[in-house]
Every structure is written in structure tokens, then in C-alpha cells.
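If you want the building blocks of each chain, they are given just below.
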Amino acid sequence: MATPAPDRSSGEQQDGKQWGYDLYPERRGEKYKPSWGRVLLGMEGTENLDKIKCERNVYKCVKNSPMVKLMMGALKSSGCAIDIRRHIACEVCDVSVSGGYDPVLNQVVVCQNIARNEGIVQGVLTHEMIHMFDYCRNDLDFKNIDHLACTEIRAANLTHCSFMSAWTQGDASPFNIKEAHQNCVKTKALNSVLAVRKVSPEEAIAAVERVFPKCYNDLEPIGRRIRRNSKDMYKAYMEGPMYGYDVE
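Residues numbered from 1 in each chain as written. Predicted model: local features only at pLDDT ≥ 70, side-chain atom pairs only at ≥ 80, totals over all residues. Heavy atoms only, no water.

- Taking an unreviewed UniProt entry as the reference, the protein is identified by name as Mitochondrial inner membrane protease ATP23 belonging to Culex pipiens pipiens.

So this is what it looks like as C-alpha cells:
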């Protein structure tokens, strides 16, 4: 998952890779055109159907997912209520990302060609709504690499990085269980920063390390790190009103 930058001046549009917009071609006003070769191979050509399926999964998550409902309640209580027809868009994206947040249009992007089931869509929505929450509440500047690193740390910390996830990406072993979650969060945040910023790995690592202690300990608005195969999602949802969030 990645996050586009908030500035679309002509110079930056010409160098979309600098700000990540090349990952979201429809954000630049382009209409996706499948190649005939990939259509014949069954790899493309179902974009209209994919969009319908994606929008259906978004609707299911908005109605049923405790995490998505908690994030929508937190945004509403912060003065940034979501209208799913206005603030969530299903689009074809680069295969390297599954979603994004566009602060210019204040929209969450769900990549319909990657996020193909309800579980993945739930993860995308929750992750990107954390970016939306940070932009709403914390005056987030996506052009500032430290701000970007912080919101990516928070999103990875609150919505990803179970022990199994950390193990899969090589950040956990039987000998570093305590550090596994932090290492996983750092890896995911680093990858997200590199996906949308034309910076060196050294610059991205330095930014993640600079802000990590503060941002890793900021658990708003979910209030806890979600463990896989636990009731943490439901506990977080039930605790929302205790923190002043208007959850339904």
C-alpha cells in the first residue's frame, strides 16, 4: 500500500515517479486501456467487472468490518466524515500497490486489480483511512519525508505485522520474538516510502529511524495493535466510544 503526494504542479506531474502518481494512472486523468495480448491470455479485459466486485467489497466492509467502521467513526468525530461514493474509489493501479490515499482529492484508492477479496479490501481501507485520519487531525504534509514515514509506521503498526506476517517477510525468528513486530513495521514503512518517493534507501531508512519511537507508540484511533486470529478488532471497535469516536 502506498500514498500519493498532495501537490500536482506541472513540474511534478511531468515526473510522476517522484511523487508516486505513476502507480495510479487514473489519478492523472488517463483511461486504462488493456492490451489485446493480455486480454487474449485472460490477464486483462475484465476491468468493468472488477470495479463492480471491488465496490461491492467496499460496501460490505463499510457495513460489516469493525476496523473500517471504527476508522469511519473516528474520522467523522474528527470533522472528516466519509461519503463512500465521494471518498473511496476503485481503480486499476500498478501491480506493486494494493491501495493508496490521495490527499488532493481526499480519496482512498482501492486497487481493483490487486485487492480482489473482502479481506484484502478491509486491510486497504483501514490502512489508507489511517493516512486520511493523520491528514485530517495532524496536519500531515506528504511532501515531508518524516511525516510520510510516520504515517506509514502508524498504518503498518496498527493494521499489519502479526508474528506470522513478520515471519513471512523475514523479520521474525524464534530468537527475536520481542523485536519481530517493530522490525516488521519498519520494513513495511520503509517499502511504502520507497514505493512513492524518489529517494535513496539510506534516506528512507534514516527518516523511518528518526520518527520511529514517537510514531510507533501513537496508537490513535484504534488504541491497540491488532493480532491475527484474535478478538482485537472487535475490542477496538467496542472501545471506540470511550475515546469519543462516533461508531455505529
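Describing the overall build of the protein
Now for step 1: For the protein, the count of helices and strands is twelve helices and three strands.
Now for step 2: Taking the contacts inside the protein whose residues are at least 6 apart along the sequence as the reference set, 63% of them involve residues at least 24 apart.
Now for step 3: In the form shown here, the protein has an accessible surface area of approximately 12600 Å², with 52% of it arising from carbon and sulfur atoms. (Helix = DSSP H or I, 4+ residues; strand = E, 2+ residues; numbered from the N terminus. Contact = heavy atoms within 4.5 Å. Areas by Shrake-Rupley, 256 points an atom, 1.4 Å probe, with all protein chains shown as cover.)

Observations regarding the packing of helix H5 (residues 66-77) against helix H7 (residues 118-137)
Now for step 1: The N-to-C vectors of H5 and H7 enclose an angle of 15°; their axes lie 9 Å apart at closest approach. One way to sum up the angle between H5 and H7 is to call them roughly parallel. The two elements H5 and H7 cross, and the hand of that crossing is left-handed. Seen from H5, the contacting residues are Met67, Val68, Met71, Met72, Ala74 and Leu75; seen from H7, they are Gln122, Leu125, Thr126, Met129, Ile130, Met132, Phe133 and Cys136. (Axes fitted to C-alpha atoms, helices over the stretch in contact; angles between N-to-C directions. Parallel < 35°, antiparallel > 145°, perpendicular 65-115°, else oblique. Left-handed = near helix turned anticlockwise from the far one by under 90°.)

Quick word on H7
Now for step 1: When the terminal C-alpha atoms of H7 are compared, their 28 Å separation across 20 residues agrees well with the 28 Å that a helix rising 1.5 Å per residue should span.
Now for step 2: For H7, the N-terminal cap is Asn117; the gap from its side-chain oxygen to the backbone nitrogen of Gly119 is 3.0 Å.
Now for step 3: Of the residues trailing H7, Asp139 is marked for its positive phi of about 55°. (Expected span 1.5 Å × (residues − 1). Polar contact = N/O pair within 3.5 Å; in protein donor to acceptor, adjacent residues only side chain to side chain.)

Quick word on the state of the cysteines
Now for step 1: Summed over all chains, the structure comprises four disulfides.
Now for step 2: The disulfide bridge from Cys80 ends at Cys136, spanning 1.9 Å between sulfur atoms. Because the sign of the S-S torsion sets the handedness, a value of about 85° for the bond joining Cys80 and Cys136 places this disulfide among the right-handed ones. Here Cys136 lies in helix H7 and Cys80 lies in the loop between H5 and helix H6 (84-87), a separation of 56 residues in the sequence. (Disulfide = S-S within 2.5 Å.)

As for the pattern of salt bridges
Pairing is possible between side chains that carry opposite charge, provided their charged atoms lie close to one another.
Now for step 1: Taken as a whole, this structure holds nine salt bridges when the rule is applied.
Now for step 2: As a salt-bridge pair, Arg154 and Asp134 come within 2.7 Å of each other at their nearest N and O atoms. Of the two residues, Arg154 sits in helix H8 (residues 145-159) while Asp134 sits in helix H7, which places them 20 residues apart along the sequence.
Now for step 3: Of the charged contacts, one joins Arg154 and Asp218 as a salt bridge, the two residues approaching to 3.5 Å between their closest N and O atoms. (Salt bridge = Lys/Arg side-chain N within 4 Å of Asp/Glu carboxyl O.)

Considering the sheet that holds strand S3 (residues 107-111)
Now for step 1: The strand order S1-S3-S2 describes an open sheet built from three strands, whose pairing is mixed. Strands with a single pairing partner mark the edges of an open sheet, and in this sheet they are strand S1 (88-91) and strand S2 (99-102). Across the sheet, the mean angle from the axis of one strand to that of its neighbour is 25°, orientation sign disregarded.
Now for step 2: Two elements, S2 and S3, share four bridges in a ladder whose sense is antiparallel. Looking across to S3, one finds that Gly100 is bridged to Val109.
Now for step 3: Sitting on the sheet, helix H4 (residues 47-64) touches S1 and S3, and the angle it makes with S1 is about 150°. (Pairing = 2+ DSSP bridges.)

A look at the pairing of S3
Now for step 1: Of all five residues making up S3, five are buried, and the element is well covered by its neighbours.
Now for step 2: Alternating positions in S3 separate into two faces, Gln107, Val109 and Cys111 on one and Val108 and Val110 on the other, with burial throughout.
Now for step 3: Taken together, the four bridges between S1 and S3 define a ladder with parallel strand orientation. Across the sheet, the residue bridging to Glu91 is Cys111, located in S3.
Now for step 4: Hairpin remark: S2 followed by S3, antiparallel, with four residues in the connecting loop; positive phi at Asn106, about 50°. (Buried < 20%, exposed > 50% of the residue type's maximum accessible area, 1.4 Å probe, protein only.)

Things to note about the packing of aromatic side chains
Now for step 1: Per the stated rule, a full pass over the model turns up four aromatic pairs.
Now for step 2: Centre to centre, the rings of Tyr101 and Tyr135 are 6.0 Å apart; their planes meet at 65°, and the pair counts as edge-to-face. In this pair, Tyr101 is assigned in strand S2 and Tyr135 in helix H7, connecting sequence segments 34 residues apart.
Now for step 3: Take Tyr101: its relative accessible area is 0%, and that puts it in the buried class.
Now for step 4: For the pair Phe212 and Tyr216, a centre-to-centre distance of 4.9 Å together with 20° between the ring planes defines the contact as stacked. Here Tyr216 and Phe212 lie together in helix H11 (residues 201-216), a separation of four residues that amounts to about one turn. Across the pair, exposure class does not vary: Phe212 and Tyr216 are buried alike.
Now for step 5: Ring-pair connections join several aromatic residues into one group, and the members of that group are Tyr101, Tyr135 and Phe142.
Now for step 6: Seen from the ring of Phe212, Lys186 lies directly overhead, with NZ or CZ sitting 4.8 Å from the centre.
Now for step 7: Over the aromatic face of Tyr216 sits the side chain of Arg225, whose NZ or CZ is 4.1 Å from the ring centroid. (Phe/Tyr/Trp six-rings, centres within 6.5 Å; stacked < 30°, edge-to-face > 60°. Lys NZ or Arg CZ within 6 Å of the ring centre and 35° of its normal.)

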